[in-house]
Structure formats: C-alpha cells, structure tokens
Amino acid sequence: MKLSTRQLVQTALLLAICIASQFFKNFSVYITGPIVNTTIIIAVLAVGLWSGLLISIIAPITAFFITGSPIMAAIPLMFPAVILGNVILAICVWYFQNKINLKWKLPAGLIVGSILKAAFMGIVIVLILLPAFGSNIASKLPKPEALPAVLATARVTFSVTQLITALTGSVLAYIIWLPLQKYLKNGQ
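About the thresholds
Residues numbered from 1 in each chain as written. Predicted model: local features only at pLDDT ≥ 70, side-chain atom pairs only at ≥ 80, totals over all residues. Heavy atoms only, no water. Helix = DSSP H or I, 4+ residues; strand = E, 2+ residues; numbered from the N terminus. Contact = heavy atoms within 4.5 Å. Buried < 20%, exposed > 50% of the residue type's maximum accessible area, 1.4 Å probe, protein only. Polar contact = N/O pair within 3.5 Å; in protein donor to acceptor, adjacent residues only side chain to side chain. Phe/Tyr/Trp six-rings, centres within 6.5 Å; stacked < 30°, edge-to-face > 60°.

A. Examining the environment of L130 more closely. Position of L130 among the secondary structure elements: in helix α6 (residues 105–133). Separated by 17 residues in sequence, L130 and G113 have C-alpha atoms that sit 23 Å apart. Sequence-distant contacts of L130, that is, excluding residues within four places in its chain, are made with I75, I125, I137, L151, A154 and R155.

Quick look at the structure:
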C-alpha cells in the first residue's frame, strides 16, 4: 500500500490531538477517553483503516509514558489488551462503513464497535488479567494497602468506563464527520 504525504500528515495531526488529550487524563478519563476514541474513528473515516490502527496501537503506549499508570506497569499484558480494544473499535467502524449496506451503517458501526471494545476489555482485563496479576500492582503503589480500592477502580475503568468513553467518542466523531466528509469530498 502506497501512502500519500497527505495521508501521513492527516494521521500525524490526529495522533498529535490524541497525544495532547492524554495530558488531561489526570483531570478525567471522561475527557481523554472520548477524545482518543474520536481520533481513532475520524482517522478510520477520513484517512483509512491503517491510520486508525496506527493510532490504536500508539495511543496506549504514549498514555503510559505521559501518565505512568501503576496498573499498566505492574501488568504489561494490559498493553496488548487495550491496543486490541482500540483495534476492535477501528475495524468495526471501517467494516460497517465500507462493507455493510444499511441506511444507518455508520451509527450502527460506532455502537457495535463501542460495545465490542468494552466487552473485550472487560473480559480480558477485568475477568482474566486483574484476577491473575492484580497482586503485582501492590508493589507499584505508594501505599500497598490501597490495592483493593485500586482493583475496584480498575474493574470499572476497564469495562463500564470504556463503554461510556467509546460511545461518547462515537457521538463526537459522528458530529465531526457529518460536515468533514462533505469538506473532504469537495476538497479532493
């Protein structure tokens, strides 16, 4: 696949927005999460699947270096789980947009992608990784006795919160995409 300079620049700009939003993660995941999901979705729609996949892979890694999550540091297997959750969202959006013949194919893809992302992360992280490796987190915490509270928060963060932020990001992406697709169609 040959990539144009325009596609590379568009992907870089979306990645920059994604990375910039990660500096607000300490304020609220409900700010950062929707922005990250929005950039993944807009990358898929405006640039192509490969662009959304690239952002899906890079975002969790840059988030770790920016915020330094003790959970991710203690359980490195969470990186591929988060990456695959993002990839599921990107592929669902692309598949519904390009391979499904429905009147409301994009909203359907956004909803299905958000649900599958949250379900995948809930199953892999909450039901498998945290029970298997959750005790590793205690060594990364300033107060190891806080482990039960940290695990309880992690269970919500990597399931329900993922669904909320993916759906919110989907709504934002849809609102942005409506005028953007017309602009891109006229500008090319």
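B. Representation of the side chain of S114 within the structure. Relative to the helices and strands, S114 resides in helix α6. Here S114 falls in the buried class, since its relative accessible area comes to 0%. A distance of 3.3 Å separates the side chain of S114 from the backbone oxygen of A166, its partner in a polar contact. If near-sequence neighbours (up to four positions away) are discounted, S114 is found in contact with L89, L163, A166, L167 and S170.

C. Fine view of the packing of aromatic side chains. For the structure on display, the rule yields four aromatic pairs. Aromatic side chains F64 and F79 sit 5.3 Å apart centroid to centroid with 80° between the ring planes, which places their arrangement in the edge-to-face category. Of the two residues, F64 is situated in helix α3 (residues 49–67) and F79 in helix α5 (residues 78–99); the sequence distance between them amounts to 15 residues. Of the residues examined, F79 reaches a relative accessible area of 18% and is grouped as buried. Their ring planes at 80° and their centres at 6.4 Å tell us that Y95 and F96 sit as a pair that is edge-to-face. Classification of Y95 as partly exposed rests on a relative accessible area of 41%. One aromatic cluster is present, formed by F64, F65 and F79 through successive ring pairs.

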